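Summary of the model geometry
These are the residues of each chain, in order.
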Amino acid sequence: QVQVAESGGGLVQPGGSLRLTCATSGRTLSLYTMGWFRQAPGADRQFVSSIGWRSGRTYYADSVKGRFTISRDNAKNTVYLQMSSLKPQDTAVYYCAAGTGIGAEPREYDYWGQGTQVTVSS
């Protein structure tokens, strides 16, 4: 089994920055894709970014490209999402997930964290 746990959310003003952390434990993740998703109230869960654990290849949703950066620390089994130039529309619960696929659909991921709230407001 794989456990994932997000942290780092909070309240930030528009234009500000936050770094989300996804700590993982359990089974080796070297062959996994790690993804970040977000979900606003009343909305579907939305792909944000992903990284291949082994390859380091990254993908971004158009809505965050140029503002968000995903990275991983292999030694710590930890994935980060650095968010800059935050906008009110970035407000959502952010989820970290692990899967064996490469896609951007939530159903392609097997393990999920509980989520961390990010609120962008003045």
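Scroll up to find the structure.
Below or above, wherever it landed, is the structure these notes cover. (Residues numbered from 1 in each chain as written. Predicted model: local features only at pLDDT ≥ 70, side-chain atom pairs only at ≥ 80, totals over all residues. Heavy atoms only, no water.)

This part takes up the sheet that holds strand E3 (residues 18-26). Taken in spatial order, the four strands line up as E1-E3-E8-E7 in an open sheet, and their pairing is antiparallel. Across the chains shown, the open sheet's two edge strands, defined by having one partner strand only, are strand E1 (2-7) and strand E7 (68-73). Pairs of neighbouring strands in the sheet enclose a mean axial angle of 15 degrees, with direction left out of account. (Pairing = 2+ DSSP bridges. Helix = DSSP H or I, 4+ residues; strand = E, 2+ residues; numbered from the N terminus. Axes fitted to C-alpha atoms, helices over the stretch in contact; angles between N-to-C directions.)

Right, let's get into the pattern of salt bridges. Counted by the stated rule, this structure contains three salt bridges. One salt bridge connects aspartate 90 with arginine 38, and the closest N-O pair in it is separated by 2.6 Å. Highlighted residues: aspartate 90 in the loop between strand E8 (78-83) and strand E9 (92-99) and arginine 38 in strand E4 (residues 33-39), separated in sequence by 52 residues. In this structure arginine 38 comes out as buried when scored by relative accessible area, which is 6%. Here arginine 67 and aspartate 90 are joined by a salt bridge, their closest N and O atoms 2.7 Å apart. (Salt bridge = Lys/Arg side-chain N within 4 Å of Asp/Glu carboxyl O. Buried < 20%, exposed > 50% of the residue type's maximum accessible area, 1.4 Å probe, protein only.)

The next thing to look at is the pairing of E1. Side chains Val2, Val4 and Glu6 project from E1 onto a buried face, and the interleaved Gln3, Ala5 and Ser7 project onto a face without burial. Strand direction decides the pairing type here: E1 and E3, joined by six bridges, are antiparallel. Counted as the bridge partner of valine 4 is threonine 24 from E3.

In total, this model carries one disulfide according to the counting rule given. Residue pairing for cysteine 22: its cysteine sulfur links by disulfide to cysteine 96, the two sulfurs lying 2.1 Å apart. The chirality of the disulfide connecting cysteine 22 with cysteine 96 is left-handed, given an S-S dihedral of about -85 degrees. Residue cysteine 22 is found in strand E3, and its partner cysteine 96 is found in strand E9; the two are separated by 74 residues along the sequence. Judged by relative accessible area, which is 0%, cysteine 22 ranks as buried. For cysteine 96, a relative accessible area of 0% gives the class buried. (Disulfide = S-S within 2.5 Å.)

Counting 31 residues, the largest nonpolar core has Met34, Trp36, Phe68, Val79, Leu81, Met83 and Tyr94 as the members making the most contacts within it. Listed by contribution, the elements that provide at least two residues to this core are E1, E3, E4, strand E5 (46-52), E7, E8, E9 and strand E11 (116-120). In terms of residue count, E9 provides more of this core than any other element does, five residues in total. (Core = buried A, V, L, I, M, F, W, Y, C linked by side-chain atoms within 4.5 Å.)

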